[in-house]
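If you want the building blocks of each chain, they are given just below.
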Amino acid sequence: MRVLCLGVVLAFSASTALAADMKLSPADTAAAFKAAGFAKKGNRWESCGDPGTAAYTPGTIDLVRDLNGDGQPEAVISEGSSFCFGNTGTGYAIVSKQAAGGWKLITGGPGIPNLLTTKGAGGWPDIEIGGPGFCFPVERWNGKEYRLHRHQYEGKACRPR
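As the structure is a prediction and not an experimental result, all values here were calculated from the model. (Residues numbered from 1 in each chain as written. Predicted model: local features only at pLDDT ≥ 70, side-chain atom pairs only at ≥ 80, totals over all residues. Heavy atoms only, no water.)

### Details of the packing of aromatic side chains
Basically, it comes down to this: Note on aromatic pairs: the rings of Phe, Tyr and Trp (six-membered ring only in Trp) are paired at centre separations within 6.5 Å, and the planes decide the class, stacked below 30 degrees, edge-to-face beyond 60, tilted for the rest. Think of it in three bands: residues with accessible area under 20% of the maximum for their type are buried, residues over 50% are exposed, and the middle band is partly exposed, with areas taken using a 1.4 Å probe on protein chains only. What counts as a helix is a DSSP run of H or I of at least four residues, what counts as a strand is a run of E of at least two, and both are numbered from the N terminus.
Under the defined criterion, the tally for this structure stands at six aromatic pairs. With a centroid separation of 5.4 Å and an interplanar angle of 70 degrees, the aromatic rings of Phe 33 and Phe 38 are classed as edge-to-face. Neither Phe 33 nor Phe 38 differs from the other in exposure class; each is buried. Seen in terms of ring centroids, Phe 136 and Tyr 153 are 6.2 Å apart; in terms of plane orientation they differ by 45 degrees. Their pairing is tilted. Remark: Tyr 153 occurs in strand 10 (residues 146-153) and Phe 136 occurs in strand 9 (residues 136-141); sequence separation between them is 17 residues. In this structure Phe 136 comes out as buried when scored by relative accessible area, which is 13%. We classify Tyr 153 as partly exposed; its relative accessible area is 29%. Joined through ring pairs, the aromatic side chains of Phe 33, Phe 38 and Trp 45 make up one cluster.

Okay, here's the thing in structure tokens:
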């Protein structure tokens, strides 16, 4: 009985650890930003080419987690600029560490990504792309790329106007 209980605790701990945020080494941080198309300028990462507006926010890594269950981390990177991203004011990139050690851009664009519990091919989460308005696109991984799957608002289907 003790062995069974210990096994359950270890299995739960392992699954919880996979879902928990991870930390990147400085080398992986730099590689993730570069895969997302960012360049280091001084002590910050920049991508969109904002000419230095007051509202500009340089790139930040908002989340590091194994999103698709392959044992490798993915990073969600954001950058703020209405000059670059319009009324949304934010752009994002999702990059994935590959088994060989490099990083690869998975998807990105203007908007605020909301990772959903629904999944596409390979265990990748659907992504609701937030921004101004009340009917947001939800993209799903098809095995090669994220593509428009549906529109929703507060979890309910809607039609964009």
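### Notes on the sheet that holds strand 4 (residues 74-80)
Going by this rule: The pairing criterion is simple: DSSP has to find at least two bridges between the two strands. To obtain each axis, a line is fitted to C-alpha atoms, and for helices this fit is confined to the stretch in contact; angles are then taken between N-to-C directions over 0 to 180 degrees.
Taken together, four strands build an open sheet; the order of strands is 3-4-5-6 and the sheet is antiparallel. Edge positions in the sheet fall to strand 3 (57-65) and strand 6 (103-110), since each has one partner strand and no second. Each neighbouring strand pair of the sheet contributes to a mean axis angle of 20 degrees, computed without reference to strand direction. When strand 3 meets strand 4, the two strands line up antiparallel, connected through six bridges.

### Points about the state of the cysteines
Selection rule: Two cysteine sulfur atoms form a disulfide, by the criterion used here, when they sit within 2.5 Å.
Enumeration over the complete set of coordinates arrives at two disulfides. Each disulfide pairs two cysteine sulfurs, and for Cys 48 the partner residue is Cys 84, the sulfurs being separated by 2.2 Å. On the S-S bond that ties Cys 48 to Cys 84, the torsion sits near 70 degrees, and the link is right-handed. Placement of the pair is Cys 48 in the loop between strand 2 (44-46) and strand 3 and Cys 84 in helix 3 (residues 82-85), with a sequence separation of 36 residues. Here Cys 135 is linked by a disulfide to Cys 158, with a sulfur-sulfur distance of 2.0 Å.

### Re the side chain of Asp 50
This is how it is decided: The charge count treats Lys and Arg as positive and Asp and Glu as negative. His and the chain ends do not count. Throughout this description, the term salt bridge denotes a Lys or Arg side-chain nitrogen within 4 Å of a carboxyl oxygen of Asp or Glu. Polar contacts here mean pairs of N or O atoms no more than 3.5 Å apart (in protein, one a potential hydrogen donor and the other a potential acceptor; neighbouring residues in sequence count only if both atoms are side-chain atoms). By definition, residues are in contact when any of their heavy atoms lie within 4.5 Å.
By the secondary structure assignment, Asp 50 is in the loop between strand 2 and strand 3. Although buried, Asp 50 forms no salt bridge, and the nearest oppositely charged side chain, Arg 44, lies 7.1 Å from it. Separated by 2.7 Å, the side chain of Asp 50 and the backbone nitrogen of Thr 53 make a polar contact. For Asp 50, the contacting residues outside a window of four places in its chain are Tyr 56, Ser 81, Phe 83 and Cys 84.

### Points about the confidence of the model for the protein chain
To keep things clear, this is the line we draw: As a per-residue measure, pLDDT reflects the predictor's confidence and takes values from 0 up to 100.
The predicted model of the protein chain has a mean per-residue pLDDT of 89, with 88% of residues at 70 or higher. The model gives residues 1-18 a pLDDT under 50, and that stretch makes two contacts with residues more than four places away or in other chains.

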